[in-house]
Amino acid sequence: MRPRLVTKFGGTSLADKAAWLQTLSVLESRKDKNPLVVVSAVGSIPGRRKVTDLLLDMMDSEDPEEARVALESLHRSLLSDLELPSDLLDELFQQLRDDISKCGKPPTAEDRDRVVRYGESFSATMMSQMLNQRGWTSKVGWPVDLGMTSTDKFGDADLLEDSLEQMAKAVIAANCVLVVPGFIAQSEDGRPTTLGRGGSDYTAAAFGAALKRDVEIWSDVDGVAAANPNFFDKQQRAEGHPTTIERLSHEEAYQMAAFGSRVLYQKCLSAAMLAAKKGRHLRMLLGNTFNPDGPRTLIESHKDDAARAKGITALEKVQLLTVYLARDEDYRDLYQKVVSLSQSNLLMASYSTGRASFVFDTLTDEVEALERDFREAHLSRDQVLIKVVGDGMASDHTQLAKIHQAIASLDNPEKYGAPLVHKSPQLLTSSTFEVIALKRGAKALIRRLYRDLFRSHEMQVAMVGLGTVGGGVLEYSKRLFSQGKTGVNLAFPLALVRDKTKKRPNFDGRLVENFQELLKDERVDVVAELMGGLEPAREFVMAALESGKDVVTANKALMAEHGREILDQARKYRRNIGFEAAVCGELPIIEVVRNLPSDADVEGFVGIFNGTSNYIISKMIEGRDYSEALAAAQAAGFAEADPTLDVNGSDATQKLAILSSIIFHTPVEWRSIWRRGIESLEGSDVAEFVRDGLTVRPLASARWTPEGLELWAGPALLKDRHTMAAVEGETAGVALQLFGREEPFAMTGKGAGGIPTARSVVRDLYELARKARHRVVEVPTYHQGKPLPTIPRQAYEYDWWVRFKVKDQPGVFGKVASVLGEGKLSISEAFQRSHQSTEESDCASIHLQLQKTNWGSVETALEQLNELPFIVSTIALPILD
């Protein structure tokens, strides 16, 4: 009766009653396939030794009786738990005692094979009985009855090619479900042999090849992991990392098994290659007995055309010998000594003029002697051979770039005392890339490779601050961010807060109060600094960049004050930084500027950078006075309880400094910028502007000239045709004056509020994820030569609107006009209004429009007029077309 499936269960699947019952459940679900069942020896559990160790002790220890009692007790206890006949194994126990008595002192390799085979024999006998008690028809398929013939290399025998036909015939001739003890076979002359490490998998694979059937190999892990789980911390493993590889070719699986993958051993794949010689394609599926519906790995002969990395494997404690020879020195003596080593295996070798490198699997006296034999030789002990595996990977330059850039991103000779990866040997084949790494940096490199190769679609963000903006980022990410559109999965595992007891909507991660926890957590790709202020924000950002994490910030004060230092730090450690939200709310102006094909394309710009001020002025245009408009902004959530930095122009000036630094490639000190606030505006002033067809807006302006930069921020008057005139409410905007373009390139968007700013932060996160996926580092640079000077404000030339609040007395207008005339200021329009309010019934306002002149002339005239007793207050605003 030909089985339609081969199943193999490892020791962990047979360790105790619960494991046996779960294994039987898996088998019951496959009963219709008439499976051939292969079993290992009973696995160990805490406090109980391995069956194989007990069997060896029965030959080697001074007290073999103790080992025998423990072995028999273990199995008798299982017989009782599983309600199997108590005498089921008695005959095998007696045969074992007889074979022990025949062993030599010390026992030979043949003696050991004759004894250790009993572990699998016990399991097979028990499994067959269990199946029979459950209504199956089953018996043990002993190697001698199935024609499982091997070489006589005891302890590591290989099945003979010709035995596959005999095995298939014997299985098909059986009229029941066979349970085969894995790991054991017999030599051509009938002596018991064992098949070496992974022998039970080898047994199952051999039957799969012989019967042309799929093979399921069940253990306690979900298939083949993309990297060794031991290289990942507890939190990462709890989150499902490393993930299970869905599919491997035989070649990929062979490479994974040969260099450290513990789920499948190299020898198991020998059966696959044996089958391939006979034109049979063996498929193996690796699954978890205790999670049978979970992820599994399919291993088959066909190669994957995707040409991508599948897994990372590592072999620890390898020894790297580097020998430096003169150009004309003969390599042959060195080579002969290397190949003659008997106690270690040569894993890799490379030769170049004057240099030879060899990698050995273990440190021996022979290897150390080689270092002494050659004067210019150095032995790097206990290194780690790291291999990235994937069919056709060598043809994908993107994959190779990710590997090299991952290495470069972690390379820190100051930290490790040497380069992280040895320059030689490095090996690239059609399906592997191999390097030798320092032991102290290998785990970090493996995790970085894993992240860059297999998790480039994920971005783990640590939040610093969960206030208005931080909460907005979480809300936007949960409700609106599209993983399908962006190909990025945003996650927020950590947040630094002052009060961990406070409820945080939309946050499912862990709240911490110590920033070091964010730095130490290797899951974190990006630190989002959303706390504001200068310190400790600057300290946190600098530390995050140094630790290898990208940064996003919405902190305009920080970037205006320390932007150059922060960008230099990002460049030094090859990290990306996003700060779009620190400039213009939701407007992606930095992205637009950086994507222009020329650094000199932008000749100047004007913008409304502070949505709060614009909202207040918009309410004043509707007829409210300043205090009422401010109260409305605070009620709407657009103004802080202390709005000073918004209304006095500091916020806009900081943003102006940041954007000017990026556009004009020169450091700009924000305090050096001419700044005026909106606090001095009165409702009557705004009403006069409206009557005269002008709109007041809180502007920030930058213009390049051959003499330097003209920079200022403050309220200005705009004619109706100006691009920014219609930008009202909390809306922000910016208009770029581009070379060769008469009309400005303008953008508008919300400049205040949690969600608009959050949108910009999330966009920065997405952009950083895109760059990380392609291993791109882009940091804005300042002018490398002499910084551009800032032109003194006295030279700025505009038309001006000047308002004088004066005592309503005869001759005042004439005296004002006289002073202006003495300053050679030309008036294009003038009128006077009496004040209607009771408080200012004795005052009047004189409104003048001055023809184009520089601010220095206007400022001098105003200083003179302010000395006169009838002047109450003055304001002067530039007028822009």
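Residues numbered from 1 in each chain as written. Predicted model: local features only at pLDDT ≥ 70, side-chain atom pairs only at ≥ 80, totals over all residues. Heavy atoms only, no water.

A. Region of interest: the overall build of the protein. A tally of helices and strands in the protein yields 32 helices and 33 strands. Summarising its shape, the C-alpha atoms of the protein cover approximately 135 × 75 × 50 Å along the three principal directions. When each of the 881 residues of the protein is scored for burial, the buried share is 55%. In the protein, the proportion of contacts linking residues at least 24 apart, taken out of those at least 6 apart, comes to 73%. Put simply, the protein shows about 38,100 Å² of open surface, and 47% of that area lies on carbon and sulfur atoms. A gap of 2 Å separates the mean positions of the 106 positive and 122 negative side-chain charges of the protein. (Helix = DSSP H or I, 4+ residues; strand = E, 2+ residues; numbered from the N terminus. Buried < 20%, exposed > 50% of the residue type's maximum accessible area, 1.4 Å probe, protein only. Contact = heavy atoms within 4.5 Å. Areas by Shrake-Rupley, 256 points an atom, 1.4 Å probe, with all protein chains shown as cover. Lys, Arg positive; Asp, Glu negative; His and termini not counted. Charge placed at Lys NZ, Arg CZ, Asp CG, Glu CD.)

B. Quick look at the packing of aromatic side chains. Enumeration according to the criterion identifies 17 aromatic pairs in this entry. Both rings, one in Phe 515 and one in Phe 540, keep their centres 4.1 Å apart while their planes meet at 10 degrees; by these two values the pair is stacked. Residue Phe 515 is located in helix H20 (residues 515-520), and its partner Phe 540 is located in helix H21 (residues 537-546); the two are separated by 25 residues in the primary sequence. The exposure classification of Phe 515 matches that of Phe 540, with both residues buried. A ring pair is formed by Tyr 798 and Trp 800, whose centres lie 6.0 Å apart and whose planes are at 85 degrees; its orientation type is edge-to-face. An identical accessibility class is assigned to Tyr 798 and Trp 800; each is buried. Among the aromatic residues, ring-to-ring pairing joins Trp 674, Trp 712, Tyr 796, Tyr 798, Trp 800 and Trp 855 into one connected group. The ring of Trp 674 has Arg 676 sitting right over it, with the charged end atom 4.8 Å from the ring centre. (Phe/Tyr/Trp six-rings, centres within 6.5 Å; stacked < 30°, edge-to-face > 60°. Lys NZ or Arg CZ within 6 Å of the ring centre and 35° of its normal.)

C. The arrangement of the pattern of salt bridges in detail. Per the stated rule, a full pass over the model turns up 55 salt bridges. One salt bridge connects Glu 110 with Arg 191, and the closest N-O pair in it is separated by 3.2 Å. Remark: Arg 191 occurs in the loop between strand E6 (184-187) and strand E7 (192-194) and Glu 110 occurs in helix H5 (residues 109-116); sequence separation between them is 81 residues. Residue class for Arg 191 comes out partly exposed when judged on its relative accessible area of 25%. Put simply, Asp 156 and Lys 153 hold a salt bridge, and the shortest N to O gap is 3.9 Å. Given a relative accessible area of 51%, Lys 153 falls into the exposed group. Three or more residues are tied together by salt bridges with common partners; here these are Glu 65, Arg 68, Glu 72, Arg 76, Asp 90 and Arg 97. (Salt bridge = Lys/Arg side-chain N within 4 Å of Asp/Glu carboxyl O.)

D. Just the packing of helix H31 (residues 812-822) against helix H32 (residues 855-866), in detail. For the pair H31 and H32, the least separation of the axes is 9 Å and the interaxial angle reads 145 degrees. Classified by chirality, the crossing of H32 by H31 is right-handed. Seen from H31, the contacting residues are Lys 815, Val 816, Val 819 and Leu 820; seen from H32, they are Ala 861, Gln 864 and Leu 865. Here the contact of H31 with H32 is composed, by residue class, of five nonpolar, one polar and one charged. (Axes fitted to C-alpha atoms, helices over the stretch in contact; angles between N-to-C directions. Left-handed = near helix turned anticlockwise from the far one by under 90°. Nonpolar A, V, L, I, M, F, W, Y, C, P; charged D, E, K, R; others polar.)

E. Structural context of the sheet that holds strand E4 (residues 149-150). Pairing in this open sheet of three strands is mixed, and the strands run E4-E6-E7 from one edge to the other. In the strand order of this sheet, the two ends are held by E4 and E7, each with one partner. Note that E4 and E6 share two bridges and pair parallel. Residue pairing for E6: Ser 150 is matched across the bridge by Ser 187. (Pairing = 2+ DSSP bridges.)

F. Examining the pairing of strand E8 (residues 215-219) more closely. With five of five residues buried, E8 is to be regarded as a mostly interior element. Here E8 shows a buried face lined by Val 215, Ile 217 and Ser 219 and a second buried face lined by Glu 216 and Trp 218. Bridge analysis of strand E1 (residues 6-9) against E8 gives four bridges, and the strand direction is parallel. In the sheet register, Lys 8 faces E8, and the bridge partner there is Ile 217. Relative to strand E10 (residues 284-288), E8 is paired through five bridges, and the arrangement is parallel. By the bridge assignment, Ser 219 is partnered in E10 with Asn 288.

G. Layout of a nonpolar patch on the surface. On the surface, a cluster of nonpolar side chains totalling about 290 Å² of accessible area is made up of Tyr 335, Val 339 and Tyr 351. Relative to the helices and strands, Tyr 351 resides in strand E13 (residues 346-352). (Patch = residues over 30% accessible without salt bridge, like charges linked within 9 Å, V, L, I, M, F, W, Y side chains within 5 Å.)

H. Examining the packing of helix H22 (residues 556-572) against helix H28 (residues 650-664) more closely. Packing of H22 against H28 leaves a shortest axis separation of 7 Å and a crossing angle of 25 degrees. It follows that H22 is roughly parallel to H28 by the angle criterion. From H22, Lys 556, Ala 557, Met 559, Ala 560 and Leu 567 reach across to H28, where they touch Asp 651, Gln 654, Lys 655, Ile 658 and Ile 662. Its residues placed into classes, the contact of H22 with H28 shows six nonpolar, one polar and three charged. (Parallel < 35°, antiparallel > 145°, perpendicular 65-115°, else oblique.)

I. Here's a closer look at the side chain of Gln 569. In this fold, Gln 569 is placed in helix H22. Residue Gln 569 is classed as buried on the basis of its relative accessible area, which comes to 12%.

J. Region of interest: helix H8 (residues 163-173). Taken together, the buried positions of H8 are Ser 163, Leu 164, Met 167, Ala 168 and Val 171. All buried residues of H8 fall inside an arc of 135 degrees around its axis, so they share one side. Residues of H8 that are exposed and angled more than 90 degrees away from the buried face: Lys 169 and Ala 173. Where H8 is buried, its residues touch strand E2 (36-39), helix H7 (143-146), E4, strand E5 (177-181), helix H9 (199-211) and helix H12 (268-277). (Arc of directions from axis to C-beta.)

K. A look at the side chain of Thr 695. Its place among the elements puts Thr 695 in strand E26 (residues 694-705). When its relative accessible area of 14% is taken as the criterion, Thr 695 is described as buried.

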